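Structural overview
The residues making up each chain are set out below.
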Amino acid sequence: MSWFSGLLGKRKEQTAKNPLKLSAFRCDMHSHFLPGVDDGAQTLEDSLQLLQKMQDIGYKKCITTPHIKMDIYPNSEEKLRQVFDQLKEEKERLGIGVEVELAAEYFLDDTFIERLQQRELLCFGRQKYVLMEFSFTTPPVFEEEAFKRVLDKGYVPVLAHFERYLYFHGRPEMAEKYRNMGVNVQMNLLSLTGHYGPEIRKQAERMVDDCLFDFVGTDAHRIQHLQLLEDHLSLPYLAELGKRLVKNQGL
Ligand SMILES: [Fe+2]
């Protein structure tokens, strides 16, 4: 048992009468199921298993968002497209019906702006949403300028898993500040299970209470993430999400 699941075990959980149905969201817009390109799926088999599981738990469509981070995952859009096309072909050959689309999760580093100037970003939806992430522990320094430039280029920034940034704990108003700039905010469903720890769970619950998010995502890196989510659909905060409008439904 992990340290976090140990903690979870000690919290007496209530259960909702109507568990969350993930089919209510229709589309997941944050996952790492391309094989061997980041810390998500490593083999083609892992990828196909993840896709099958996504379908089994109710999703009709999955947008995968491999990391692009210059020091650790210096993926090019071209390479990701190539890997994606091969996976798509294989999942169709095997008759896995869930629809798939390729985007990316761009880390806000020094090279991001350069990339934004030089090429087409991997984005999703008619609105050209671009998923972006910050460091979990070090506050970003030029994020507002970066958001403005992304918007100027005709994209809509989506800030990934707002609740996981430790320096925003106790400052949920930062989500509202970014939203007022035209940024969309995404929350990880697993944050509400306590998977990333009690403080992140608390921040996620606050985001639900104060309606501080636009999208929800699995951020699934491996099948265990989806199993964990499936096991917690009766948690009151997850069940509550089934009643909310989220932008996933329009993708
Ligand atoms: Fe992610």
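This text follows the structure it describes.
Computed from a predicted model, the values in this text were never measured in an experiment. Numbers given for residues are sequential positions, taken from 1 along each chain in its written order. For a predicted model such as this one, the threshold for reporting local features is a pLDDT of at least 70, and the threshold for listing and counting side-chain atom pairs is 80 or more; totals across whole chains, interfaces and linings nevertheless cover every residue.

**As for the overall build of the protein**
Stated formally: A run of DSSP states H or I qualifies as a helix once it reaches four residues; a run of E qualifies as a strand once it reaches two. Both are numbered from the N-terminal end. Our radius of gyration looks at C-alpha atoms and nothing else; its globule reference is 2.2 Å times the residue count to the power 0.38. Around each residue's C-beta, the other C-beta atoms within 10 Å are counted; 20 or more make the residue buried, 12 or fewer make it exposed, and counts in between make it partly exposed. All C-beta atoms are placed from the backbone. By the criterion used throughout, residues are in contact when their C-beta atoms, derived from the backbone, lie within 7 Å.
Counting its regular elements, the protein contains nine helices and nine strands. Expected size for 251 residues packed as a compact globule is a radius of gyration near 18 Å; at 17 Å, the protein falls within 12% of this value. For the protein, the spread of C-alpha atoms along the principal axes amounts to about 50 × 45 × 35 Å. Here the protein, with 251 residues, has 41% of them falling under the buried criterion. Across the protein, contacts joining residues at least 24 apart in sequence account for 80% of those joining residues at least 6 apart.

**So, the sheet that holds strand E2 (residues 61-64)**
Across a sheet, paired strands are connected by hydrogen bonds in the backbone, their directions being either parallel or antiparallel. Definition in use: Two strands form a pair only when DSSP identifies at least two bridges running between them.
Read across the sheet, three strands follow the order E1-E2-E4 without closing on themselves; strand pairing throughout is parallel. Looking at the sheet topology across the chains shown, the edges are occupied by strand E1 (27-28) and strand E4 (99-102). With four bridges joining them, E2 and E4 adopt parallel strand pairing. What sits directly across from isoleucine 63, in E4, is glutamate 101.

**Structural notes on the pairing of strand E8 (residues 184-188)**
Remark: a regular strand shows side chains that alternate across the two faces of the sheet. To keep it simple, the criterion reads: Looking down the strands as they point away from the viewer, one classifies a crossover as right-handed if the path from the first strand across the helix to the second runs clockwise.
Across the five residues that make up E8, a large majority, four, are buried. Pairing geometry for strand E7 (residues 156-159) and E8, over two bridges, is parallel. In the strand pairing of E8, leucine 159 is matched with valine 185. For the crossover that starts at E7, traverses helix H6 (residues 173-181) and ends in the parallel E8, the hand is right-handed. Running through helix H7 (residues 198-209), the crossover from E8 to the neighbouring parallel element strand E9 (residues 215-217) is right-handed.

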